[in-house]
Structure formats: C-alpha cells, structure tokens
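Given next are the chains, with one letter for each unit.
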Amino acid sequence: MVAKTSHRKPSLESIQDVRPQREDIPPGEKHKLALTKRLLSNPAHPNNRAIMHQKFGISLPDVHKRRTNTTKHRRIITGPVESLPVTKGRNSLAMPEETMGTGLKSRWHKQLKWETEPGSTCERIGREGTPIWATKTPPPSTTSKSMSHRRMMQATNSLIPENPHILPVQVPGNISKYDFTILMGRTNPMATDFCHFKQSFSLCWSSVVDALEALEKLLRDFAVPRAKVSGERLVELSHVWESGWSKAPPVTGFLSVLENWEEVLSLVLRPGQRYKGEGGIEAAAIHIQSRWRRYLARTAYLRHCQRKWAVGIIAVSWLMHTQMRHVRNNLQARRFRQLENFRSRAQHLAANWKHIQSSKRTIIHIPSLGYSQSRRMNLKRYDILQNIQISRLCDIRDKNVEVIYVCPRHFGEDILHYYTSLLNCDGAPDEDDTRPTPASFSSVRRFIILTPEAIDYFPTRNMCLSSLLKYSPRTLKRIKHLIQGKQAYIVGGVAHVDDLAVADELGVPILAPEPAIAQLYSTKSGGKRVFTAAEVDVPPGQGDICTISQLHETLARLMTQNIHVQRWLFKMDSEHGGRGTAYCDTCHLSCYNWALEERYRCGHELWNSKWIQESVLLRYLDEVPDWLARYAQPAKTSCYPNWACYLKTFLRHGGVLEAYPPSESVTCLTVDLLLEPGGEVTMLSCGDQLQGSCQLEAIGSTVPQTSVHQETLQAICMRVGQACLQRLIVGYVSVDLATFLNRNTMEQKVWAIDLDLTYSEQLAMTQMLLMMTGGTLNCHTGCLEVPMPIQEKCCEHPIAAKPPVVNRYAVIGSHLFHSNLSMLYHNVFFMVCKAHGIGFNMKRKQGTVFAVYDSSERCTIGMITVSEDLQGALVTFARNLSVIHQEISPSKMQGETNFKELIKNIEDGLQMTVKNKVRSVEDKPVA
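No experiment lies behind these values; they were computed from the predicted model shown.

The rules behind the values
- Residues numbered from 1 in each chain as written.
- Predicted model: local features only at pLDDT ≥ 70, side-chain atom pairs only at ≥ 80, totals over all residues.
- Heavy atoms only, no water.
- Pairing = 2+ DSSP bridges.
- Helix = DSSP H or I, 4+ residues; strand = E, 2+ residues; numbered from the N terminus.
- Contact = heavy atoms within 4.5 Å.
- Axes fitted to C-alpha atoms, helices over the stretch in contact; angles between N-to-C directions.
- Buried < 20%, exposed > 50% of the residue type's maximum accessible area, 1.4 Å probe, protein only.
- Polar contact = N/O pair within 3.5 Å; in protein donor to acceptor, adjacent residues only side chain to side chain.
- Parallel < 35°, antiparallel > 145°, perpendicular 65-115°, else oblique.
- Left-handed = near helix turned anticlockwise from the far one by under 90°.
- Nonpolar A, V, L, I, M, F, W, Y, C, P; charged D, E, K, R; others polar.

**Quick look at the sheet that holds strand S13 (residues 567-572)**
One key point about sheets: their strands pair by backbone hydrogen bonds, in either a parallel or an antiparallel sense. With antiparallel pairing, five strands are arranged side by side in an open sheet as S12-S16-S13-S14-S15. With partners counted over all chains shown, the strands left at the sheet margins are strand S12 (541-545) and strand S15 (633-634), one partner each. In this structure, S12 lies alongside strand S16 (residues 655-659), joined through three bridges in antiparallel fashion. Across the sheet, residue glycine 541 finds its bridge partner in S16, namely glutamate 658. Strands in contact with helix H23 (residues 524-534) are S12, S13 and S16; relative to S12, the strand with the most contacts, it is inclined by about 135°.

This is the structure we're talking about:
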C-alpha cells in the first residue's frame, strides 16, 4: 500500500530551509547536513519518511515495506540483459532517430537497434510462452517446476550480466493496482487510471516519464493497438534504468511491464510488423539498404579472399616451379658434366687399355640392375638378384687384379668365411674334403667386400646398387682410399644414370657404354637392329610394335610369308630372362590348314608373289584378333597371369614379334663377349642353355657349348661385336643364339635372338669354374682345358715338365631355388652335402662347388658340376639336385622349387643324347 500524502505540497523554499544559515558550522554537522541532503535527493531511500515527517509533516509512501511483504511473490532481476532478437532479416526493432528525445531517450535509441536470429532468446520465449521478465511466478510452496519455466530462468540468468552497481528490480507476481492502458502507442493523460497512477508516483515521476515515453515509442513502432501497463513494474523499471543502466533497458524489460505481454510479444514477433508502425517505411528502406550493403560487402570480401587465396597459390606454385626448375637445371648441368667426364675417362681407358690389362689394376665390381622403377618394384628378392654375380670375386685368379666387390646385402660370417676359403689359390685340400681350404694371406688381401650404408635407409624401395652407392658417402670414401694411386675401373651391371655419378665421385672410368646408348640397344627391338646391321641370321619378325592394329597387321603378314612357322613369340622391350615373353601356336588357327593347301597348290615360286598371298592375308587379318585372345598365353604366368594383362603391358612398353624356330629340336646357347675399348672382340664364355619349367627361360648352361661349329660361332660373334663397336658399345656383351636343322635342306641354322649389354650370370659362374679348376676356356677350339698336377717321381733330380692338359665339361646353374633351403644354415647344408659325397676334388679337378648369395633367406643357390664328359656332368648335376631335394623336403612339405623341372629337362636331354649316339653308330659304315 502507498501511504497518503499531505494536501499541502512542500515548496523548494521550505525544503531549502533545512540548510543552515550560519557559515561557521562544525565539520561533523557539515557532514551530517550533506548526508541529509543526499538522502532528500533520493525519494526511494527509507530514511526519507522519518526526515520528511519530522521536518515537514509529510508522510511518504512506505515502498520498502510493501516490497518486503511481497518478496515471496516476486523474482529479483539483478541487471540488464542483452537486446532481444525477433526474427532473422524480416522483423527488426528500431527506433527512428528523429522521434527520440534527449538525455536518456538517446540511450534508448542506441540500445534498441537490434534484429533477431533463428534460435534467439526472444524467439525461444515466444515459443515457450513465458517471457524473461515474467510478472508471475509459482508460489514458493510448489515443489516441482515446469521445464519451460526452468529454461526461462536459465535463459534469464545467462542474459543478465553481473553488475554490482545495478539495483535489483523486483517484479511483482500479484495483480497491479496502478495499471493503465496505452492505445495505438499513445497514453491518454486525462484517463482516470493514468491520473491515479501519476498522482500516486508523483515524487519519482521525472524518472518514470522517460521509461513511459520509450515504451510508447516501442508500441508505436510496432503498431500495437492496445497495451495494458502495470504501473508498479514501470516504476521499478525506471528506477533500475536510472540507477545502473548506461543504456536503455532491453525490449524484454519493456514488455515485462505489460499485463498483456504475451499478446504484445506475439504481435512484435510477427514478421514485417515493425514496418507497419511509425516510421515503418523509413525502417524498411534502411533495413533493405543495410542488407544490400552487407551483401555487397560480403560478396566483395569473399571475392577478395578468393583472389588473395589464388594469389597465394600462384605465388607458392611459382616459387616451387622456380625452385624445381633451378634444381632441374642444376641436375641437368651436373649430369652433363658427369657425362663429359665419363667420355674423357673412356678415351683415356681406350688409349691405355693394353697397358692397363698387363699391369696391376683394381676392378670395382658393382653388379647393379638398373631397370626402370616400375620393373624394379615388381621384382621379388631384388637384392638377391643383384648378388647372384658374387662370383665376380674370382677375377683375382689373375695375379695382377685386386677386386672391390660392392654387395647389395649384409653378409654373415659364414658366407665371408666360405668365400675367403674358396678364393684360396695355393692350398690343396684332401680328396674327400668338400670345403675349400683357408685362404692364403696374399689372396685375402686382393679382394674386399663392401656394403653401402644406404641399404639400411631404403629397405623397401628396391633401388639399384648404383643408386645405393651414390647415397653412401662413407663407402665411397673408403673406395677412394683403397684405389688411391692405383689404376682402377668400374665393371657395372645393367646401365643406369647413377653409374655416372658414382664414377665421377670416384674419378675412375667405367668399362661400359653410355647409359643412353645401353638403354637404346639393350631392348629387344634395339638388339634386332644391331643383328640386322651385323648381317647375321635373325628369325622372321618385326620390332618396335606399340599398337594393337600394328600387332595384328604385322602378325598376319609374317604368318603369310612364313607359313611353315608353328609358333610365334611376343617379347617385351623392357623385360629380360623370359619374363616378358608370350607365345601362340598356329595349329589353333581355323584357316591354317586351308592356307597350307593354298601354299601347296600355288607352288613355291608362285607363292612368293604378293597378289597370290593376298587372300590368305585377308583371312588371317579376320581371324588373328580372336585367335590371340583365345590361345595366346604368357610364358611365365607368375608375372602375367593371362594374355589380356600381358598385352596391356606389351603395348605400353613396346616389343618384338618373331618366329620360333620351325623344328622339334631347338638348342639355345649364350656367348659372352668382351668388347675392348681398344676395338678388339674377345670371346670369354659360351654354353648351351638349360631350360626350366618355362621353355623360354634359361636357368643354367653347359660349358663349353657343343651345338654349333666353333668357326661358325666365332664368325657370328665377331660380326655382332664389330656392329656394337660401331655404335660405341664397349664392355661386356651377352649374345643369345638359337640353332636347329632346316627341314628342307637339312642344314644347321643359327639365329641371333637376343642381345644383353651387361655382365652375364653365366660369365660370373664361368669365372668361378675357371678359379676352381685352374683351367682356361679355349673359345677357338670350344674346349675347357684343365691342367692336371704332375706326379712326383722318386729321383733326386726330377725333370721339369709342363703339366698335362685334359678336357672337362661343366654344368652351371645360377638360379636354383628351393623354399626349404631356408631351414638349413649354410654350414649344416655343406655337412649334408659332404655326407652324400657332394664336393669338389682338387686333385682330379672335378666334382661340385656351390655359390651362396645371402645369409637370411637362403632359398637361392648356385651350383657347378665338373666331369670328364658332358653326360657325366649332367648326371652329377641331376643327382645332386635329387639328393638335396630329398634331404630337405619331408613328404608333407615339398616346398616351392625348380629342381624337379630341371631334373626332368636334363633326363630328356640325356635320352636324346643316347638316341643320337645309337643313330650315329647305326649309320657308321662297316669296314
């Protein structure tokens, strides 16, 4: 209740009488009077009642007592909340500037500029039906609260900042006694309810009028037709506004003073309602302009960000391109400098070759397989493949040679001890001893095995040995120290560009052609060009085939011209060793018998005319695609499972199409040549190939070869060697030949079928053979000449005589694979071989010797058997394979191996040899 005031209103003069009239007032009284003045200026202070009643007889309303009695029905709001958004974009609450007053009304104009976003506080209030500044609360006796009320309280607490200078605003929960109505945003000053409210709060009316004007402005802006205002809450709002708010109260504060706030709030939240009120057209124009400016600014900003991002990308790309170009130019200049140094050293090597060969020298063996990256990544046990030529160590059989062997694997002590013993040239073990004797001090000092440290950095990259050595500075430094002041040169493997970098770092020449020349002529098509230039017989065929139409047309033409060829071969340019070979037999061609009839009907002379062959050619063109798709198959299905997979790779890399020799008995042989820098061609090794499970892949050979007359073989090799020298090809070259009998003339034909510009595995194993036997391979006579030791005579002065020389035959296998070999360590394996009498007899210069390649997997080995005749060497080789297989293969674990296929091929060859001997005896005339 509000206390009634006196009818006599005090005047300012009467209030000013409180001030003392004397100037000499004690400090205590002055302080008391100043405090009293401050209290008088605050009508809401509770002490004003006593002062006003004591001094002037005026009874002020007991506001604090009324608030205390109604505390249990009220909620206390401790401060202002954030401005209330309504809806996004379409409905915003704004106060036109021209309608605002001065003072506190200007602060209201700054605060009321707001707009809503989806999910905002005011929108949540509208949905839940409870405003933040609610006027009614459940009684304190209620034990449970609704979820909407709880969310409302949480939202209210989160929106109200903590400000200790703002007095709490109490919102009464009972019905207001001083309510009045505002129609169309205008208050009727003559209305009874408004006059009663104004008279009741006349003492604080100056602060109430500002809040009332702001409320009216809000209602006019949103065209609210009717609003019922609670006078008490309006007064409390004005007190809070005047006491602590630096800005106008939020919209929720004004709506909380209304009795019908729900109705007004729903109207305020209606989209577009703001533009129906006072200044709506201007507000809409401002809103549209602001949104359009924001869109333009946002679009320009995004475009700027996009351009800035593009500029950054272009700048980084340009920097990377510039750096890459700089690095590329440096690499190109470095490689060009390395190539120039290689050529200058090659000229020096050619000019001094005779002197170097006759003096002490150091050979740096790097058995690198510099294949392309795609091929290297597809090869299994790539490091073991590079180490198969470890027999190069046997070059120290020349007393003037020291060997530095770069190994692609870490060797164990067992392998080091084995080769140290094997390379002993002075010892002579007992007849039954299967192991070489310990090496002499002189032999040990003339070879060294080095392993690049980079193999530990790139364990899965299948990098060639030259690349690994290039990135191994410690190994390069040690090699430099070992060859300092000595004549040295490098013998590599398959040429790679990193060979030049290693040679330039060591400052030594390479006994090999330039990498570009080697890569050009080491392909199947390149070898065919060399053979054509050498004018040697080659199989009918065509090289440099890269398209499917070219393949079909070339195959149809060659089949028409060579109608008696039963099988056609497809060889990839980038593969070696039978991996990239496929074949297809003409017997599966449906029109082949008809073509033979046409051939016999026309006769030999008439058939050579192209117009006669045209009908057969067209028929072949129609049937060749389907014939290849159905019957062509790769030679090694482990590399290429079917023809489609093979053909895809064949057309990508290019290849050769050629005829298989038209004979049931075909022998292939390999000849190793040394193309000396001085221009001479020397035959180093020759042997007939031993075929494995794939008839087009060689896994061994018999030395010396016995298939071709030696003079014919010598002539072919000399022509091929001279053709290579004309193309600047020097170093070690391997030539593959095929020999068979011509059915028509019964003459022997020799075709050159393959050319490898590398140090071959057959040559490496031949070096071990010559090391163990102490013999020489006379390629002019085709004999392996082995000196036999002289028997000592029982006399005081023995007559010095030249040791007798006998012929020996050897069987070499460099790719003997058995997965069960990994179960035995090398020393155990040698003990098993010794138990079965498998060993080498140094006195008789015959027996068996092994080559081991690694200490970890131990699945691949090499083996050489030496005997007095070829048949004995083959039998010993087959027996050794059979014994080893039986010893390491239980009945339930046979393992993966190529022993069985090799044994079968040797047995077939032996049977063919027996038949040939019987025929020769039967055809021999009787005396």
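**Comments concerning the environment of threonine 781**
As for its placement among the helices and strands, threonine 781 is situated in the loop between strand S22 (776-778) and strand S23 (783-787). Residue classification places threonine 781 among the partly exposed residues on the basis of a relative accessible area of 45%. Of note is the side chain of threonine 781, whose polar atom sits 3.3 Å from the side chain of asparagine 778.

**Side note on the pairing of strand S27 (residues 860-867)**
By the criterion of burial, S27 is predominantly enclosed, with eight of the eight residues buried. On S27, burial covers both faces: Thr860, Gly862, Ile864 and Val866 on one face and Ile861, Met863, Thr865 and Ser867 on the other are all buried. By the bridge criterion, seven bridges tie strand S24 (residues 805-817) to S27 in an arrangement that is antiparallel. Bridge pairing in S27 places leucine 816 opposite isoleucine 861.

**Section: the sheet that holds strand S8 (residues 361-365)**
Read from one edge of the open sheet, four strands run S10-S9-S8-S11, paired in parallel fashion. What marks the edges here is a single partner per strand, and that holds for strand S10 (447-450) and strand S11 (488-491). The mean angle between the axes of side-by-side strands here comes to 20°, regardless of whether they run parallel or antiparallel. The sheet contacts of helix H20 (residues 473-483) involve S8, strand S9 (401-406), S10 and S11, and relative to S10 the element is tilted by about 170°.

**Some thoughts on the pairing of strand S20 (residues 731-741)**
With respect to burial, S20 is a largely interior element, ten of its eleven residues being buried. Bridge analysis of strand S17 (residues 667-675) against S20 gives nine bridges, and the strand direction is antiparallel. Counterpart to leucine 674 in the pairing with S20 is tyrosine 732. Where S20 meets strand S21 (residues 748-756), eight bridges bridge the pair, whose relative direction is antiparallel. The residue bridging valine 735 from the neighbouring strand is leucine 755, located in S21. Following S20, the chain reverses through six residues before pairing antiparallel with S21; methionine 746 in that reversal takes a positive phi of roughly 55°.

**Some details on the packing of H23 against helix H29 (residues 710-726)**
Contact geometry for H23 and H29: axes closest at 8 Å, N-to-C directions at 115°. Taken as axis vectors, H23 and H29 run roughly perpendicular relative to one another. Our pair here, H23 against H29, has a crossing hand that is right-handed. Contact residues: H23 offers Val530, Phe531 and Ala534, while H29 offers Arg719, Val720, Ala723 and Cys724. Its residues assigned to classes, the contact of H23 with H29 comprises six nonpolar, no polar and one charged.

Everything listed here is a matter of geometry and, on its own, says nothing about what the molecule does.
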